[in-house]
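# A structural walkthrough
Read off the chains here:
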Amino acid sequence: ELPGFYYDSEKNRYFRLLPGHNNFNPLTKESLQYKAMECKRLRLLQEEENQIKKTTRAGVNSSVLLQKRQLGLLSSTSYCRLVHELKVNYMQRKKIEIHSPDSSVAGTNNFKIIVVCNVACERIFTVNNVEHGGCKYGIINLTGLGKESLTVEMYDNLYFTNRKVLFLLPLVVLGRYSKLCLMGIAETPGCASLLPASLFSNTNPGDRPGMLCSFKISTAWSCAWCLNPQADNCFSTGLTRRVLVTNVVTGHRQTFGTNSDVLAQQFATQTPMLYNGCRSGEIFSIDVRQRSWKGQSWKAIRLFHDSAVTSIRLLEAEYYLMAADMAGKIKLWDLRTAKCVKQYKGHHNEYAVLPLHVNEEEGLVTAVGQDCYTRIWSLQDAHLLRTIPSPHPASKDAIPSVVFSSRLGGSRGVPGLLMAVKQDLYHFSY
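Cut-off values and rules
Residues numbered from 1 in each chain as written. Predicted model: local features only at pLDDT ≥ 70, side-chain atom pairs only at ≥ 80, totals over all residues. Heavy atoms only, no water. Axes fitted to C-alpha atoms, helices over the stretch in contact; angles between N-to-C directions. Helix = DSSP H or I, 4+ residues; strand = E, 2+ residues; numbered from the N terminus. Parallel < 35°, antiparallel > 145°, perpendicular 65-115°, else oblique. Contact = heavy atoms within 4.5 Å. Nonpolar A, V, L, I, M, F, W, Y, C, P; charged D, E, K, R; others polar. Core = buried A, V, L, I, M, F, W, Y, C linked by side-chain atoms within 4.5 Å. Buried < 20%, exposed > 50% of the residue type's maximum accessible area, 1.4 Å probe, protein only. Polar contact = N/O pair within 3.5 Å; in protein donor to acceptor, adjacent residues only side chain to side chain. Pairing = 2+ DSSP bridges. UniProt positions renumbered as here; feature names shortened; annotations may be inferred. Phe/Tyr/Trp six-rings, centres within 6.5 Å; stacked < 30°, edge-to-face > 60°. Lys NZ or Arg CZ within 6 Å of the ring centre and 35° of its normal. Expected span 1.5 Å × (residues − 1).

### Observations regarding the packing of helix α2 (residues 62-70) against helix α3 (residues 76-89)
Between α2 and α3, the least distance of the axes is 11 Å, while the angle of their chain directions is 175 degrees. Our classification of the angle between α2 and α3 gives roughly antiparallel. Here Ser-62, Leu-65, Leu-66 and Arg-69 of α2 come into contact with α3, specifically with Ser-76, Tyr-79, Leu-82, Val-83 and Leu-86. Counted by class, the contact of α2 with α3 contains six nonpolar, two polar and one charged residues.

The structure is reproduced here in structure tokens:
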């Protein structure tokens, strides 16, 4: 790079970057980087439309896998994992048509967050940005995905908030409730709200129960719900330099002071342990059965990233924890030895709080980067399997939200990736 110049690869020469006097100068480093990213995105989209598929593992295709399986060279576990990888490479994008009983609902607001509502994956819960500020909630029925027309039904509700929804727990975890973590805007304080799941049921639209356990707090960054019976009906909220654990039935609260903002949280299911990821890069666990202490001696497990931790996911056996940070690093930690055993490369993040999705059944790790690319890795060996460009140009307000499942739309549903970006919903099917 030469100071004050940029290199045009197409014309094979340098051009001067003018120091913008009174004239408008479009040649800036940021605009050139955006142009290069947009050209790459359009090229990848064109390859997908032309069905130019490239398998990420050399010499791996369906016929080779079947032959090795028949010869006994592959175990059933390895065969299923590699078949899932091939399916991911051949997923095709199709736009979903959104219908709604209220014509003013569908396609009017940008999607911000989508999460699965129940174990059967029949519905997804949505958070949409409202034009005049704040967010509103809705629910989408996925039963129409099994049909050729690819249509879904979207139901709206009367509740909205003037705050920014920063984090949402899926109803599949909570069962009876939906946990929202709301971040205040301007001088409005933050808020943690617990909503009854029946609020989003489309069976009785006239019955509108109120919010449960909604309280104002300082800036809230994350939340988690405990499914362990030793800390039943408890949820945690990650705040600025402290952790607040609340019992939704008794109202009892425990406060744990930290030296940094808590950006990510998850409870273990086999033990009443709460794992926290901080802005300082520290990951630590709390046994919620103990009393609140002002010191730091209650921290059981301590791990460290070089940048702010934005998302943590415990694997099913709870021996391993996966964490993503603002430097774009995704690491798999062995909690027994407190060492990093795998690193998933390629994720892009600079300052955003972005979620991480782990599907152990399919053996896949999915994350959407700040560059608006959706990347899928193999959970087994951290191999990057697929990089999916966004159908829309990259921007801060167009980062896709995704859901991956092998049975979208119910037990007889179709497998694949569901992507919500801007006002559109896309399905990447096997």
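Moving on from the model shown.
### As for the nonpolar core
Phe-111, Ile-140, Leu-142, Leu-145, Val-152, Leu-418 and Leu-425 are the most contacted members of the largest nonpolar core, which has 18 residues in total. If you list the elements that add at least two residues to this core, you get β3 (92-99), β4 (111-116), β7 (151-161), β28 (401-408) and β29 (414-421). If you tally residues by element for this core, the top one is β4, at three residues. If sequence neighbours within four positions are ignored, Val-152 has contacts with Ile-96, Glu-97, Ile-98, His-99, Ile-140, Asn-141, Leu-142, Leu-145 and Leu-425. Listed in part, the 15 residues of the second largest apolar core include Leu-364, Ala-398, Phe-404 and Met-419.

### A word on the side chain of Gln-370
Along the polypeptide, Gln-370 turns up in the loop between β25 (364-368) and β26 (374-378). Polar side-chain contacts of Gln-370 include one of 3.1 Å to the side chain of Tyr-351.

### Comments concerning the sheet that holds β26
Overall, antiparallel pairing links the four strands, which are arranged β24-β25-β26-β27 in an open sheet. Pairing within the sheet leaves two strands with one partner each, and these edge strands are β24 (356-359) and β27 (384-388). Going from strand to strand, the sheet's axes swing by 15 degrees on average, the running direction of each strand aside. Across five bridges, the pairing between β25 and β26 is antiparallel. Within β26, the residue paired with Leu-364 across the bridge is Ser-378. In this fold α3 packs onto β25, β26 and β27, with an angle of close to 20 degrees to the strand it touches most, β27.

### Digging into the UniProt feature "repeat: WD" (unreviewed entry) in the chain
The residues that UniProt annotates with the feature "repeat: WD" (unreviewed entry) are residues 305-343. For residues 305-343, helix accounts for 0% and strand for 56%, while the C-alpha atoms at its two ends are 12 Å apart.

### Some thoughts on the packing of aromatic side chains
For the structure on display, the rule yields one aromatic pair. Taking 6.2 Å as the distance between ring centres and 5 degrees as the angle between the ring planes, the aromatic pair formed by Trp-225 and Phe-235 counts as stacked. Here Phe-235 lies in strand β13 (residues 234-239) and Trp-225 lies in strand β12 (residues 222-225), a separation of ten residues in the sequence. A single burial state applies to Trp-225 and to Phe-235, both of which are buried. Lying over the aromatic face of Trp-221, Arg-279 brings its terminal NZ or CZ to 4.9 Å of the ring centre. Here Arg-336 stacks its cationic end above the ring of Tyr-319, 4.6 Å away from the centre of that ring.

### Re the side chain of Ser-307
Along the chain, Ser-307 turns up in the loop between β19 (302-304) and β20 (309-314). Within polar-contact distance, the side chain of Ser-307 engages the backbone nitrogen of Ala-327 at 3.5 Å. When neighbours within four sequence positions are excluded, Ser-307 is seen to be in contact with Arg-279, Gly-281, Asp-325, Met-326 and Ala-327.

### Notes on the pairing of β28
Across the eight residues that make up β28, a large majority, six, are buried. With six bridges joining them, β28 and β29 adopt antiparallel strand pairing. Across the sheet, Phe-404 pairs through a bridge with Leu-417, a residue of β29. Where β28 folds back on β29, the antiparallel hairpin that results is connected by five residues, among which Gly-409 adopts a positive phi of roughly 100 degrees.

### Focus on α3
For α3, which comprises 14 residues, the first-to-last C-alpha distance of 20 Å matches the rise-based estimate of 20 Å (1.5 Å per residue) to within 8%. Along α3, the residues classified as buried are Leu-82, His-84, Glu-85, Leu-86, Val-88 and Asn-89. Against α2, β25, β26, β27 and β28 lie the buried residues of α3.

### Quick word on the sheet that holds strand β21 (residues 320-325)
Strand order in this open sheet of four strands is β20-β21-β22-β23, and the pairing throughout is antiparallel. The sheet is open, and its two edges are formed by β20 and β23 (339-344), each paired on a single side. If you compare each strand with its neighbour and ignore which way they point, the axes differ by 25 degrees on average. With five bridges connecting them, β20 and β21 associate as antiparallel partners. Residue pairing for β21: Ser-311 is matched across the bridge by Ala-324.

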